[in-house]
There are 2 protein chains.
Amino acid sequence: MLTLYDNHDSGNGYKTRLMMALLDIEYTYVEVDSVNGETRKGPFLEKNLNGRIPVLELDDGTYLPESNAILHYLGDGTSFVPTDRLDHARTLQWMFFEQYTHEPSVAVARFIVRHLAPDHERQATLPAIRQSGHAALAIMEDHLKDNDWFAANQPTIADISLFAYTHMAEDGGIGLSDYPAINSWIARVRQLPGFVALEDT
Amino acid sequence: MLTLYDNHDSGNGYKTRLMMALLDIEYTYVEVDSVNGETRKGPFLEKNLNGRIPVLELDDGTYLPESNAILHYLGDGTSFVPTDRLDHARTLQWMFFEQYTHEPSVAVARFIVRHLAPDHERQATLPAIRQSGHAALAIMEDHLKDNDWFAANQPTIADISLFAYTHMAEDGGIGLSDYPAINSWIARVRQLPGFVALEDT
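Described below are features of the structure shown in this document. (Residues numbered from 1 in each chain as written. Chains lettered and ligands numbered in written order. Predicted model: local features only at pLDDT ≥ 70, side-chain atom pairs only at ≥ 80, totals over all residues. Heavy atoms only, no water.)

Thoughts on the packing of aromatic side chains
Following the criterion strictly, the structure yields 15 aromatic pairs over all chains and no others. Taking 5.2 Å as the distance between ring centres and 90 degrees as the angle between the ring planes, the aromatic pair formed by Phe150(B) and Trp185(B) counts as edge-to-face. On the criterion of sequence distance, the pair formed by Phe150(B) in the loop between helix 5 (126-144) and helix 6 (157-166) and Trp185(B) in helix 7 (residues 180-190) is long-range, its members being 35 residues apart. The pair Phe150(B) / Trp185(B) is uniform in exposure class, with both members buried. Through a chain of ring-to-ring contacts, the aromatic side chains of Tyr14(A), Trp94(A), Phe97(A), Phe150(A), Phe163(A), Trp185(A) and Phe195(A) assemble into a single cluster. Over the aromatic face of Tyr5(A) sits the side chain of Lys47(A), whose NZ or CZ is 5.0 Å from the ring centroid. (Phe/Tyr/Trp six-rings, centres within 6.5 Å; stacked < 30°, edge-to-face > 60°. Helix = DSSP H or I, 4+ residues; strand = E, 2+ residues; numbered from the N terminus. Buried < 20%, exposed > 50% of the residue type's maximum accessible area, 1.4 Å probe, protein only. Lys NZ or Arg CZ within 6 Å of the ring centre and 35° of its normal.)

Here it is in structure tokens:
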């Protein structure tokens, strides 16, 4: 059976838990206290030297880090990973956008609000981070005005990847009220068969 | 024929130019002055609303942004994109590492040194960025001590992706002398049939 090393509050981890729920894959869950530095200590670094959750352990003991790579592994062979050459690249385009442009703003704002002290020096970075977050959301909104999904006209791992931190952007003070197409897409993701909310994973 | 919108000094762009050279793909090259903001203006934003080069234009006028997604599109169907499920995911694992952990430090240090004024406020961030860059390189060194390539025991798009900014890390003041395995891997990449240096693309 697969084993997931993860933190219950992580959006990156939730991506992989949601994917396994949608694909009806059973797995063993191991909680890691990433907020208090457990990912930076020896036993975890043997699983991922980069010191980040989630990490998926395969049946043979192989460790696979990087949430979006885990999504690809889990979804490979299903409709969530398109096989058409352009559709496949387009799916990955949005996942690289997620990691480079979206996560460092939308997810980081949430982390600062939820996990850092009110007088932590990084609180001062919030206005700029929220501005970057809105810029990322505006790019998504523009795409979703004309498309139900991010690639291949069907739900793919790009939607799962982007859903995780987008649907809880307001936790970081990045409001979603100005993005009607994003809100419609969030509702579509919630209606996928097997969908589970973060708090139920 | 494919058209590449790119900036000659961009490592993200060089990834895609190197890939096309290795695969002997001809293309039309269009220089974009990304350093002076041309990517943030109307005509370019119609190609990529995220305002970043490189963007690949396909024969039918479709635009594909995100350097690593372009690599996947170009390499799909060749040995540079493994089809084995785990090898494919492992390839992508290193490419997401590249975009989330490696590029924001190794590439950004180079950008600050080469393109920002000596009194620019971001110069003060260089020590921390270089430290993050060395942490990323240490993760690569650890892998390359026991492996010739990043995934599938053969050159893949993960190697092309990571080569671009790694081999010019010293431009940003991130020295490579303490990473013998990285230096050996750089030499292996340079020996791939069809290899071209950045200045020759």
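Alright, that's what it looks like, and here's the rest.
Here's the deal with the interface of chain B and chain A
Contact with chain B, which involves 33 residues of that partner, is made by 33 residues of chain A. Between chain B and chain A, the buried area comes to about 3200 Å², and carbon and sulfur atoms account for 66% of it. Area buried by chain B at its contact with chain A is led by Arg85(B), Phe96(B) and Tyr100(B), which between them contribute 24% of it. The interface formed by chain B and chain A holds zero salt bridges in total. Linking chain B with chain A are eight residue pairs in polar contact (both at pLDDT 80 or more). Those elements giving two or more residues to the side of chain B that touches chain A turn out to be strand 4 (63-65), helix 3 (67-75), helix 4 (85-115) and helix 5 of chain B. Residue contributions to the side of chain B that touches chain A peak at 15 residues, all from helix 4 of chain B. The residue makeup of the side of chain B that touches chain A, split by class, is 18 nonpolar, eight polar and seven charged. (Contact = heavy atoms within 4.5 Å. Buried area = accessible area lost by both parts, 1.4 Å probe. Salt bridge = Lys/Arg side-chain N within 4 Å of Asp/Glu carboxyl O. Polar contact = N/O pair within 3.5 Å; in protein donor to acceptor, adjacent residues only side chain to side chain. Nonpolar A, V, L, I, M, F, W, Y, C, P; charged D, E, K, R; others polar.)

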